[in-house]
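Residue-level listing of the chains:
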Amino acid sequence: MTVVACEIAKAFVEARRRGAAIVSYPGERPNSLEAAYEIQDCALEEWNREVGGWKVGKINPPLDGELGANRLVGPAFSDLIFEAAPKPKTFATFAGGFAAAEAEFMLRLAPRTGPLPNDNSEAMEWVDEIRIGIEIASSPYAQINADGPCVTVSDHGNNAGLLLGPVVPKEIWSALDEVEVRLDINGETAGRATTATMLDGPFGAVRFLLDNLASREIAPQKGWWVSSGAITGVHEVAPGDDVVASFDGLGDVSAKIA
């Protein structure tokens with residue numbers, strides 16, 4: 001890992017430790033996913049913090065073609081992964097930075113021996129539980145999304161926590177695309193969709209993550225959660241906002257932004 005990559009990573013890690021905003025990008029912005037993941041890997045080494053899962057996000061056209069990937073990933077730390085409760089879970093976000101909420105299916109990895117899965121049916125065998133949930137995306141750098149996927153990857157994939165809701169029965173895993181999902185902010189609907197709009201869906205996100213980790217020589221761990229991608233979109237939030245993700249027939253999960 002280069003000195004330049006690790007200096008950028010240290011700046012983001014320090015800002016996250018202090019909960020402080022970064023006004024401008026701390027160095028030269030990466031212009032390739034390879035350079036971006038190098039910064040992310042430096043940050044993981046700098047933290048020495050337990051990873052409890054990974055978020056997977058979409059890279060939109062035309063950048064997907066330019067960068068050679070249609071998704072990106074970032075770490076979710078164990079101490080920022082929470083079980084939902086009747087009372088909304090409060091999530092801290094970065095004042096002066098970026099913050100958003102996303103309704104997502106959360107898939108728990110159960111790695112197998114042998115080749116990585118080649119299709120979604122094989123990927124299903126690498127998962128032992130699915131929950132409904134919310135990803136909180138937040139970064140001390142306010143322009144993280146505006147600056148594009150490589151910048152997003154470079155700061156932990158813009159992840160600041162996962163909320164795990166009720167379990168999805170295994171008998172409907174093959175029909176996740178039929179579940180209508182709605183995300184409300186302060187009682188107003190911010191987005192409504194199904195995973196049919198998400199590339200090749202949640203299990204495709206698992207396959208992408210496994211390939212990405214293999215390329216970085218990171219061994220997948222049993223019990224890691226995969227936040228599989230925003231279903232209704234990436235919805236910006238602010239302190240004081242109430243967020244509710246509703247999954248038709250499966251339940252609701254709610255969060256408070258602080």
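That block above? That's the structure.
Residues numbered from 1 in each chain as written. Predicted model: local features only at pLDDT ≥ 70, side-chain atom pairs only at ≥ 80, totals over all residues. Heavy atoms only, no water.

A. Highlighting the overall build of the protein. The helix and strand tally for the protein stands at 6 helices and 13 strands. Rg of the C-alpha trace for the protein: 17 Å, near the compact-globule value of 18 Å for 258 residues, within the 12% margin. Evaluated residue by residue, the protein yields a buried proportion of 52% over its 258 residues. For the protein, the accessible area works out to roughly 11200 Å², and carbon and sulfur atoms hold 48% of it. Within the protein, one finds 21 positive and 37 negative side-chain charges whose respective centroids are separated by 5 Å. (Helix = DSSP H or I, 4+ residues; strand = E, 2+ residues; numbered from the N terminus. Rg over C-alpha atoms; globule rule 2.2 N^0.38 Å. Buried < 20%, exposed > 50% of the residue type's maximum accessible area, 1.4 Å probe, protein only. Areas by Shrake-Rupley, 256 points an atom, 1.4 Å probe, with all protein chains shown as cover. Lys, Arg positive; Asp, Glu negative; His and termini not counted. Charge placed at Lys NZ, Arg CZ, Asp CG, Glu CD.)

B. View of the pattern of salt bridges. Summed over the entire model, instances satisfying the criterion amount to 17 salt bridges. Among the salt bridges present, the one from Arg207 reaches Asp200, with a minimum N-O distance of 2.6 Å. Residue Lys256 is joined to Asp242 by a salt bridge in which the shortest nitrogen-to-oxygen separation is 3.2 Å. Of this pair, Lys256 sits in strand β13 (residues 251–257) while Asp242 sits in strand β12 (residues 242–247), and the two are 14 residues apart along the sequence. Residues participating in the shared-partner salt-bridge network are Glu83, Arg108, Asp128, Glu129, Arg131 and Lys222. (Salt bridge = Lys/Arg side-chain N within 4 Å of Asp/Glu carboxyl O.)

C. Spotlight on the nonpolar core. Ranked by size, the top nonpolar core spans 76 residues in total, and within it Phe105, Ile130, Ile134 and Phe247 carry the most contacts. Each residue touching Ile134, except ones within four places of it in the same chain, is listed here: Ala101, Glu102, Met106, Gly161, Leu162, Leu163, Val243, Ala245, Val253, Ser254 and Ala255. If you look at the next biggest cluster of nonpolar residues, it comprises 6 residues, including Ala76, Ile81, Leu164 and Trp225. (Core = buried A, V, L, I, M, F, W, Y, C linked by side-chain atoms within 4.5 Å. Contact = heavy atoms within 4.5 Å.)

D. Geometry of the environment of Val181. Take Val181: it is sitting in strand β8 (residues 181–185). Taking the C-alpha atoms as reference points, Val181 and Ile231, separated by 50 residues in sequence, lie 7.2 Å from one another. In contact with Val181, not counting residues within four places along its chain, are Ala103, Gly191, Arg192, Ala193, Ile231, Thr232, Ser246 and Phe247.

E. A look at the packing of aromatic side chains. Inspection of every chain in the model, using the stated rule, returns 7 aromatic pairs. With a centroid separation of 5.5 Å and an interplanar angle of 65°, the aromatic rings of Phe12 and Tyr25 are classed as edge-to-face. You can see Phe12 sitting in helix α1 (residues 3–18) and its partner Tyr25 sitting in the loop between α1 and α2 (33–47), a full 13 residues away along the chain. In this pair, the class of Phe12 matches that of Tyr25, namely buried. On the basis of an interplanar angle of 70° and a centroid distance of 5.8 Å, the ring pair of Trp54 and Trp224 is categorised as edge-to-face. Taken together, the residues span a long stretch of sequence, with Trp54 in strand β1 (residues 51–58) and Trp224 in the loop between α6 (201–215) and β10 (225–227) at a distance of 170 residues. Accessibility expressed as a relative area gives 10% for Trp224, which makes it buried. Following the ring pairs from residue to residue traces out a cluster consisting of Phe12, Tyr25 and Tyr141. Between Arg49 and the ring centre of Trp47, over which it is positioned, the NZ or CZ distance is 4.5 Å. Directly above the ring of Phe82 sits Lys89, whose terminal nitrogen or CZ lies 3.9 Å from the centroid. (Phe/Tyr/Trp six-rings, centres within 6.5 Å; stacked < 30°, edge-to-face > 60°. Lys NZ or Arg CZ within 6 Å of the ring centre and 35° of its normal.)

F. Summary view of the side chain of Arg71. With respect to the secondary-structure elements, Arg71 resides in strand β2 (residues 71–77). A polar side-chain atom of Arg71 sits 3.1 Å from the main-chain carbonyl oxygen of Gly201. Not counting chain neighbours up to four residues away, the residues in contact with Arg71 comprise Tyr37, Val56, Gly57, Lys58, Ile59, Met198, Leu199, Asp200, Gly201, Gly204, Ala205 and Phe208. (Polar contact = N/O pair within 3.5 Å; in protein donor to acceptor, adjacent residues only side chain to side chain.)

G. Just the environment of Val244, in detail. Mapped onto the elements of the fold, Val244 is located in strand β12. Residue Val244 is classed as partly exposed on the basis of its relative accessible area of 28%. Separated by 61 residues in the primary sequence, Val244 and Leu183 have C-alpha atoms spaced 5.7 Å apart. Discounting residues that sit within four places of it in the chain, Val244 has contacts with Arg182, Leu183, Asp184, Asp252, Val253 and Ser254.

H. Structural view of the sheet that holds β12. With respect to topology, 5 strands assemble into an open sheet ordered β4-β13-β12-β8-β9, the strand pairing being mixed. The open sheet terminates on both sides in strands that have one partner only, identified here as β4 (89–91) and β9 (188–193). Strand after strand, the sheet turns through a mean of 25° between neighbouring axes, direction not considered. Examined bridge by bridge, β8 and β12 share 5 bridges and lie antiparallel to one another. Considered in β12, the bridge of Ile185 is made with Val243. (Pairing = 2+ DSSP bridges. Axes fitted to C-alpha atoms, helices over the stretch in contact; angles between N-to-C directions.)

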